[in-house]
Amino acid sequence: MEHKAAGLAVIMPAYNAGHYIEKAVRSILEQSYRDLRLIVVDDGSTDDTAQILRRIQQQDSRLRHISVPNGGPALARNRGLDAVEPGTEYVMFADADDELLPDAVEYAMAGAQGADMVFFGFTIVSPSGACRPYCEPEQLLDREGLGAAFGRLYKSNLFNQVWGKLFKAELIGSAHRFPDYRWGEDRLFIFHCLEQCRSVKILPECKYRYIMHPGESLISRFCLDKPRVCLEADTTVQRLCASLGSSPETDADCRYMFAKSIFSCMTTLFSPSCKMSPGEKAAYVRRIINEPQVRLRCRNVFGGAVPNLLCAVVRSRQVWLNMAVFRLLVLAGRISPALFTRLKHRK
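Conventions adopted
Residues numbered from 1 in each chain as written. Predicted model: local features only at pLDDT ≥ 70, side-chain atom pairs only at ≥ 80, totals over all residues. Heavy atoms only, no water. Helix = DSSP H or I, 4+ residues; strand = E, 2+ residues; numbered from the N terminus. Rg over C-alpha atoms; globule rule 2.2 N^0.38 Å. Buried < 20%, exposed > 50% of the residue type's maximum accessible area, 1.4 Å probe, protein only. Contact = heavy atoms within 4.5 Å. Areas by Shrake-Rupley, 256 points an atom, 1.4 Å probe, with all protein chains shown as cover. Salt bridge = Lys/Arg side-chain N within 4 Å of Asp/Glu carboxyl O. Axes fitted to C-alpha atoms, helices over the stretch in contact; angles between N-to-C directions. Nonpolar A, V, L, I, M, F, W, Y, C, P; charged D, E, K, R; others polar. Phe/Tyr/Trp six-rings, centres within 6.5 Å; stacked < 30°, edge-to-face > 60°. Core = buried A, V, L, I, M, F, W, Y, C linked by side-chain atoms within 4.5 Å. Arc of directions from axis to C-beta. Parallel < 35°, antiparallel > 145°, perpendicular 65-115°, else oblique. Left-handed = near helix turned anticlockwise from the far one by under 90°. Pairing = 2+ DSSP bridges.

Thoughts on the overall build of the protein chain
Moving on, step 1. Per the secondary structure count, the protein chain includes 14 helices and 10 strands.
Moving on, step 2. Its C-alpha atoms give the protein chain a radius of gyration of 20 Å, within 12% of the compact-globule value 20 Å for 347 residues.
Moving on, step 3. C-alpha atoms of the protein chain, sized along the principal axes, occupy 70 × 45 × 35 Å.
Moving on, step 4. Counting only residues that meet the buried cut, the protein chain has 56% of its 347 residues in that class.
Moving on, step 5. Taking contacts inside the protein chain between residues at least 6 apart in sequence as the whole, the part at least 24 apart equals 80%.
Moving on, step 6. If you sum the accessible surface of the protein chain, you get close to 15,500 Å²; carbon and sulfur atoms cover 55% of it.

Some details on the pattern of salt bridges
Moving on, step 1. Scanning the entire structure with this criterion turns up 22 salt bridges.
Moving on, step 2. Among the ionic pairs, Lys-23 bridges to Glu-99, the shortest N-O distance being 3.4 Å. One end of the pair, Lys-23, is in helix H1 (residues 21–29); the other, Glu-99, is in strand E5 (residues 99–100), and 76 residues separate them in sequence.
Moving on, step 3. In this structure Lys-23 comes out as exposed when scored by relative accessible area, which is 58%.
Moving on, step 4. Judged by relative accessible area, which is 17%, Glu-99 ranks as buried.

A few points about unusual backbone geometry
Moving on, step 1. Unusually for a residue other than glycine, Gln-113 sits at a positive phi of about 55°.
Moving on, step 2. Mapped onto the fold, Gln-113 is located in the loop between helix H4 (104–111) and strand E6 (117–125).
Moving on, step 3. Assessed through its relative accessible area of 53%, Gln-113 is described here as exposed.
Moving on, step 4. Backbone geometry at Asn-157 places phi at a positive 65°, although glycine is not the residue there.
Moving on, step 5. Tracing the backbone through its elements, the reader meets Asn-157 in the loop between helix H5 (143–155) and strand E9 (165–168).
Moving on, step 6. The exposure class of Asn-157 is buried, given its relative accessible area of 7%.

Observations regarding the packing of H5 against helix H8 (residues 226–244)
Moving on, step 1. Where H5 meets H8, the closest approach of the two axes is 8 Å, and the angle between their N-to-C directions is 145°. Within the contact between the two elements, H5 uses Arg-143, Leu-146, Gly-147, Phe-150 and Tyr-154 and H8 uses Val-237, Leu-240, Cys-241, Ser-243 and Leu-244.
Moving on, step 2. Here the contact of H5 with H8 is composed, by residue class, of seven nonpolar, two polar and one charged.

Here's the deal with H4
Moving on, step 1. Among the eight residues in H4, six count as buried, and that is most of the element.
Moving on, step 2. Along H4, the residues that are buried comprise Ala-104, Val-105, Tyr-107, Ala-108, Met-109 and Gly-111.
Moving on, step 3. Looking at the buried positions of H4, the neighbouring elements they touch are strand E1 (8–14), strand E4 (90–93), E5, E6, E9 and strand E10 (199–211).
Moving on, step 4. Directly after H4, the chain includes Gln-113, whose backbone phi takes a positive value near 55°.

Brief notes about the packing of aromatic side chains
Moving on, step 1. One pass over the full model with this rule turns up 19 aromatic pairs.
Moving on, step 2. A ring pair is formed by Phe-150 and Phe-191, whose centres lie 6.3 Å apart and whose planes are at 40°; its orientation type is tilted. Placement of the pair is Phe-150 in helix H5 and Phe-191 in helix H7 (residues 185–196), with a sequence separation of 41 residues. By the burial criterion, Phe-150 is buried, and Phe-191 matches it.

Here's the deal with the nonpolar core
Moving on, step 1. Counting residues in each nonpolar core, the largest one holds 119 residues, and the members touching the most others are Met-12, Ile-21, Met-117, Phe-150, Phe-159 and Leu-194.
Moving on, step 2. Broken down by element, the residue count for this core peaks at nine residues, all from helix H9 (residues 248–267).
Moving on, step 3. Among all residues touching Phe-159, those that are not within four sequence positions of it are Phe-119, Phe-150, Leu-153, Tyr-154, Arg-187, Ile-190, Phe-191 and Leu-194.

With respect to helix H12 (residues 305–315)
Moving on, step 1. Of all the positions in H12, only Pro-307, Leu-310, Cys-311, Val-313 and Val-314 are classed as buried. Taken down its axis, H12 places every buried residue within 155° of arc, on the same side. Counted as exposed and oriented over 90 degrees from the buried face of H12: Ala-305 and Leu-309.

Considerations on the packing of H9 against helix H10 (residues 278–289)
Moving on, step 1. Where H9 contacts H10, the axes come no closer than 10 Å and their chain directions differ by 165°. Viewed along their axes, H9 and H10 adopt a mutual orientation that is roughly antiparallel. Crossing of H9 against H10: the hand is left-handed. Residue-level inspection shows Ile-262, Cys-265 and Met-266 of H9 in contact with H10, the latter providing Tyr-284, Val-285, Ile-288 and Ile-289.
Moving on, step 2. Taken together, the residues of the contact of H9 with H10 sort by class into seven nonpolar, no polar and no charged.

Side note on the pairing of E4
Moving on, step 1. Burial of the side chains of E4 extends over both faces: Tyr-90 and Met-92 are buried on one face and Val-91 and Phe-93 on the other.
Moving on, step 2. Where E1 lies against E4, four bridges are found, and the strand directions are parallel. The partner of Ala-9 across the bridge, within E4, is Val-91.
Moving on, step 3. The pairing of E4 with E9 spans two bridges and is classified as antiparallel. Across the sheet, Val-91 pairs through a bridge with Phe-167, a residue of E9.

Next comes the structure, spelled out in structure tokens:
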């Protein structure tokens, strides 16, 4: 009997995910949509991740378990992409500690309308159990429509993570792979795919649950290469928006998103994961605020007085002022997390 590729390949990188991975894997294998293949790439785990995957694989042959030396989630996802069978229609990504609602795949596949990329809503679940939904109204966008909607979708945080989406397998092909970064590789992959895609479908319901755990998240953790990735992402966005014929208002939205990423580079300096000395932190800030692209783009952004005031602080090129203001911002976030989140996620 001739082998037929599944309609969907789901790729999941996993590293020391033994506490969470069974729930994540079963949330995919127990989907109402059955024509799928789950590719889990074990990124050099040293816990019981591999044993759990082997046990589940014996129960459901749709799970493929691949083991690789530890290299980070970007390289693990790339290995998963290499394993997608020819003839697969769509590719989806999921994290090893998150979960999909039972009808998520069926909902996305049924609503795709043949689009090259499909984005559906997601919910961020905090360690306290509080839920914050992120979604946009249903729409089918050609390239002109994407150009008009780009700024709004970017501000809605739909471009920042690779999960909660379908990608046409032929769109990814062998050309699109994740750059080897430990932060921001998701959005770069998405932007590169958007440069080539002909249509995007937005679905409004929140079907993916991003589960936050106690302790530092990737968002709050210090990453030395983060400024470089921010610059690369903004350069890619500018090129993409030019090809889409986006408006000056969209550029203001994109400058806002770039400025937020630069603010994040500053605030994570004061996280426990940053082991720099005060002098090293000052040198790090100096490099950021003297970057011509930062001085050019951090101005006249969307969002009102607060982000524009912070942009003015960055453009002041005063190291001491930047360190004082962004340290204060971190303290304010610890005192009033809800207010900090509202300011951070303005649309």
